[in-house]
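Structural description and commentary
Residue strings, one per chain:
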Amino acid sequence: MSAAWRAWTMALLAAPVWIAAPAAGATTYNNDTAIIIPAAGTATPYGSSISVSGTAGPITDVNVGLDGLAHGHPNDLSIVLVAPGGQALLLVDCVGDNTDAFGAFITLDDAAGGHLPDTGALGSGFFKPTSYCAATTFPAPGPEATYG
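Treat the numbers as computed from the prediction; the structure is a model and nothing was measured.

1. Focus: the state of the cysteines
Two cysteines, two sulfur atoms, one covalent bond between them: this is a disulfide. All chains considered together, the criterion is met by one disulfide. Residue pairing for Cys-94: its cysteine sulfur links by disulfide to Cys-133, the two sulfurs lying 1.4 Å apart. On the S-S bond that ties Cys-94 to Cys-133, the torsion sits near -60°, and the link is left-handed. One end of the pair, Cys-94, is in the loop between β7 (88-93) and β8 (101-108); the other, Cys-133, is in the segment after β10 (130-131), and 39 residues separate them in sequence. A relative accessible area of 15% means that Cys-94 is categorised as buried.

Now the structure itself:
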């Protein structure tokens, strides 16, 4: 199985993705290219691909790590993960407030104990995918606003 997962972001740094196949345990796939966070608009690159290959059987768990997250207004961050088949999951949207996030390592895992904060600074840790916004639209060529 070879596929490219894409993280469409309005703002993000690096996004390692952990994939767990039933027989193989956890395997890490990542894209080490820094994603530049602008003061306004989409990130560069806009659409960060992470190639996954050599897995056997269905993928049963995907966790996303944001390594070294740094942004002066984390409440402006919107991050969606798109599978090769086009399924999209909104990972982060409208979290924290306008307190600087600097160098945080955030792992997004649906089995985590809690969500990212609605207000306050973002710190390192394990969190469930979190959105406090009613709806977010990603500019083309990003995914449509239907998320799982």
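2. Section: the environment of Leu-66
Relative to the helices and strands, Leu-66 resides in strand β5 (residues 61-71). Judged by relative accessible area, which is 2%, Leu-66 ranks as buried. C-alpha of Leu-66 to C-alpha of Thr-107: the two residues are 41 residues apart in sequence and 6.3 Å apart in space.

3. Here's the deal with the nonpolar core
Counting 16 residues, the largest nonpolar core has Leu-66, Leu-91, Val-92, Ile-106, Leu-108, Leu-116 and Leu-122 as its most contacted members. Contributing elements (two or more residues each) for this core: β5, β6 (78-82), β7 and β8. No other element matches β8, which puts four residues into this core. Those residues within four positions of Leu-91 in sequence are excluded, and the remaining contacts are Val-64, Ile-79, Val-80, Leu-81, Leu-108, Pro-129 and Thr-130. Counting six residues, the second-largest nonpolar core is a separate cluster that includes Tyr-46, Val-80, Val-82 and Phe-138.

Calculation notes
- Residues numbered from 1 in each chain as written.
- Predicted model: local features only at pLDDT ≥ 70, side-chain atom pairs only at ≥ 80, totals over all residues.
- Heavy atoms only, no water.
- Disulfide = S-S within 2.5 Å.
- Helix = DSSP H or I, 4+ residues; strand = E, 2+ residues; numbered from the N terminus.
- Buried < 20%, exposed > 50% of the residue type's maximum accessible area, 1.4 Å probe, protein only.
- Core = buried A, V, L, I, M, F, W, Y, C linked by side-chain atoms within 4.5 Å.
- Contact = heavy atoms within 4.5 Å.

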